[in-house]
Amino acid sequence: MARTSEAAQEAENAAVSSAVVVSAVTAEPMATAMPEPTAEPTAEPTAEPTPEPTAEPTPTAEPTPTAEPTPTAEPTPTAEPTPTVEPTPTAEPIPTTEPTPTAVITAATPASNVYLTVADQGSHPALMSLESDGLFHGEDCMTRGQFCLLLTALLDGLPEGTDCPYPDVTKESEAYSAITSLYLAGLLEETAGETFAPGQYAAREWVADILVRLASCLSGTEQTRVQTLGVEVASGATSESGAVRSENELLRRDELAVILVRLAGRNEAIDEDALFFTGNIPEDMDTDSWAWAYVTDALTEGAVETAEPGVHRLYGWLYAAWDDGTVMRDMDYGVWTFGLDGKYTTGSDELDEYLAQTLEESGANDLPEQQEALAAVYLYIKENFEYLVMAEDMTTEDVGTTGWEYARALRFFQNGGGTCYGYSATFGILARLLGETAYIVAGQVNQFYGAHSWVVIPEDGIDWIYDVELEDTRSERHGDLELFHIQNYTIYNYWYEPDR
């Protein structure tokens, strides 16, 4: 055993010495002939770097854990701002605002069946009426309830309902059904449950909004026409000046007449001359007013026809029409002279005023029959004037002459009477105003051929005589002479040269 251990010891020493030799050999540079040992060290260093870089890219797969930023989809929790859909709670105001009426319009499907009534040319219904005093009052305003009544008269296809959605519109209201129908048709902006204020005056913006809503129910040219009208109402283009106005401005009755006539489609066919003679012109509206033709058309019930040629008693005065129905203006026609406004005139505003007052006070304007109207004027002169000889009336007029009538008539009114020339001039001009072809004569009477004046009105080939002065001055002595509408030689011999 001791031997064995010695041998082992020797082997170990030999191994150590050989190891020393090896390290010594490798330390020398010239020992390149020993490839095997150099391969070992080369393999060791190259093996070491190779695993380290390649192992580190594998950790670059750890950036794939930077896909953990894909857990930056945790910003998807920033979609928690999408809970800023809390603005949907801002939809809570929507129930309270006007969008709710749009819900009303959508719900009111019958609105699509609403259409305008186009009156045929033969019927021509009235669209408005005079006030209770018989006047139009164009400068006054109209209430919202009244407008609803007038509008529904122009519409067909409106839904019917029994319960008005507005608490301040009672069944006793004249406009109850109209307001209910317009609401169901989606034409009113007020929400159900709100107040409607039917007695409040209609404002421009409110009417314009209804027209625009109505246009959405129509189609084609009607839709365009009504929509254009709504825009013009809002801007004030349908008003007197045509200037842009405040949306909250109240609409006057004369402008509402314009709106209704245009809605009815009658503005294109307005014939001012025909309306002048056959239309219903209100007493409180002059024909030089900006809206007179629209107002007259809106008030006229029945067809508006072309006037017959000749003279016409209208509105307490006299006018004349040509063969085509147009108004005669600024010209002489027969025994009449017509001014630029178409009225018969004496050329004196003062005298014209006296004549108009006499027609009114005598009641002649209310008597359509000519003879009755003439008699009323004749008796008015006899009973309200007296025979007077003023200094300027001392002279007589030459037989057969004319041109003195207006001056004599004016002095007759101013003085409260005059001579036979004043009597005849005044009655003759009034007879002309009533449409009679009256000749005022300067002639002579009886066998002594005394200067005298009277009126002749030809009829059916006979010259009828009217002598109000002799009737007035001599009836006391001779009784009622009845010199109204008599033939010559009935009582006196009237000698004259007829002015034809």
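Residues numbered from 1 in each chain as written. Predicted model: local features only at pLDDT ≥ 70, side-chain atom pairs only at ≥ 80, totals over all residues. Heavy atoms only, no water.

1. Re the overall build of the protein
When helices and strands are tallied, the protein shows 18 helices and 13 strands. Across the 500 residues of the protein, 38% fall into the buried class. When contacts within the protein are restricted to residue pairs at least 6 apart in sequence, those whose partners lie at least 24 apart make up 62%. Of the roughly 26,800 Å² of accessible surface on the protein, 53% is carried by carbon and sulfur atoms. (Helix = DSSP H or I, 4+ residues; strand = E, 2+ residues; numbered from the N terminus. Buried < 20%, exposed > 50% of the residue type's maximum accessible area, 1.4 Å probe, protein only. Contact = heavy atoms within 4.5 Å. Areas by Shrake-Rupley, 256 points an atom, 1.4 Å probe, with all protein chains shown as cover.)

2. Looking at the packing of aromatic side chains
Counted under the stated rule, the structure contains 21 aromatic pairs. Geometrically, the ring pair formed by F147 and W206 is edge-to-face, given 5.8 Å between the ring centres and 65° between the ring planes. In this pair, F147 is assigned in helix α7 (residues 144–152) and W206 in helix α9 (residues 204–217), connecting sequence segments 59 residues apart. Of the two residues, F147 and W206, neither departs from the other in class, the shared state being buried. Ring geometry for Y354 against F413: centres 4.9 Å apart, planes inclined by 5°, an arrangement best described as stacked. Separated by 59 residues along the polypeptide, Y354 in helix α14 (residues 349–362) and F413 in helix α16 (residues 405–415) bring together distant segments of the chain. Taking relative accessible area as the criterion, Y354 reaches 25% and is therefore assigned partly exposed. Residue F413 is classed as buried on the basis of its relative accessible area of 9%. Three or more aromatic residues joined by ring pairs form one cluster here, namely F147, Y166, Y183, F196 and W206. Note that R144 overlies the ring of F196, its terminal NZ or CZ placed 4.9 Å from the centroid. (Phe/Tyr/Trp six-rings, centres within 6.5 Å; stacked < 30°, edge-to-face > 60°. Lys NZ or Arg CZ within 6 Å of the ring centre and 35° of its normal.)

3. Points about the layout of surface pockets
Approximately 930 Å³ is the volume found for the largest pocket. What lines the largest pocket is a set of 28 residues, and nearest its centre among them are L314, Y315, G316, Y319 and K343. Breaking the lining of the largest pocket down by element, the ones donating at least two residues are α12 (272–278), β3 (310–314), β4 (317–321) and α14. The leading source of residues in the lining of the largest pocket is α14, at five residues. Split into classes, the residues belonging to the lining of the largest pocket amount to eleven nonpolar, five polar and twelve charged. (1 Å grid on protein atoms, 1.4 Å probe; cavity = no way out; pocket = protein on both sides within 12 Å on 5 of 7 lines; lining within 4 Å. Points joined across faces, edges and corners; volume = space filled by probe spheres on them. Nonpolar A, V, L, I, M, F, W, Y, C, P; charged D, E, K, R; others polar.)

4. Digging into a negative patch on the surface
There is a patch of like negative charges on the surface, built from D133, E283, D284, E360, E361 and D366. Tracing the chain through its elements places D133 in the loop between β1 (115–116) and α7. D133 gets classed as partly exposed once you look at its relative accessible area, which sits at 45%. (Patch = residues over 30% accessible without salt bridge, like charges linked within 9 Å, V, L, I, M, F, W, Y side chains within 5 Å. Salt bridge = Lys/Arg side-chain N within 4 Å of Asp/Glu carboxyl O. Lys, Arg positive; Asp, Glu negative; His and termini not counted. Charge placed at Lys NZ, Arg CZ, Asp CG, Glu CD.)

5. Some thoughts on the packing of α14 against helix α17 (residues 420–433)
The N-to-C vectors of α14 and α17 enclose an angle of 75°; their axes lie 11 Å apart at closest approach. What the angle tells us is that α14 and α17 run roughly perpendicular. Every residue of α17 that contacts α14 at L351, L355, T358 and L359 is listed here: I429, L430 and L433. (Axes fitted to C-alpha atoms, helices over the stretch in contact; angles between N-to-C directions. Parallel < 35°, antiparallel > 145°, perpendicular 65-115°, else oblique.)

6. Quick look at the pairing of β4
Burial analysis of β4 places five of its five residues in the buried class, the great majority of the element. In β4, alternate side chains face the same way, and those of W317, Y319 and A321 on one face and L318 and A320 on the other are all buried. By the bridge criterion, five bridges tie β3 to β4 in an arrangement that is antiparallel. In the sheet register, R313 faces β4, and the bridge partner there is L318. Linking two consecutive strands that pair antiparallel, namely β3 and β4, is a turn of two residues; a positive phi of about 55° is found at Y315 within it. (Pairing = 2+ DSSP bridges.)

7. Description of α7
With seven of nine residues buried, α7 lies mostly within the body of the structure. Of the residues making up α7, those classed as buried are R144, G145, F147, C148, L150, L151 and T152. Where α7 is buried, its residues meet β2 (155–156), α8 (176–184), α9 and α11 (253–263).

8. Structural notes on the sheet that holds strand β11 (residues 462–466)
If you walk across this open sheet you meet the five strands as β12-β11-β10-β9-β13, and the pairing is antiparallel. In this open sheet, the two strands that pair with only one neighbour each are β12 (484–486) and β13 (494–495). Across two bridges, β11 lies against β12 in antiparallel orientation. Pairing of Y466 across the sheet is with F484, part of β12. Packing against the sheet, α17 makes contact with β9 (439–445), β10 (450–459) and β11, and its axis sits at approximately 15° to β10.

9. A word on the confidence of the model for the protein
Summing up the model confidence of the protein, the mean pLDDT is 79 and the portion of residues at 70 or higher is 72%. Counted against residues more than four places away or in other chains, residues 1–110, with its pLDDT under 50, gives 19 contacts. (pLDDT = per-residue confidence, 0-100.)

10. Here's the deal with unusual backbone geometry
Most peptide bonds take the trans configuration, and most residues that are not glycine carry a negative phi. Phi angles above zero are rare outside glycine, and D330 is one such case at about 50°. Among the structural elements, D330 can be located in the loop between β4 and β5 (331–333). On the accessibility criterion, D330 (55% relative accessible area) is exposed.

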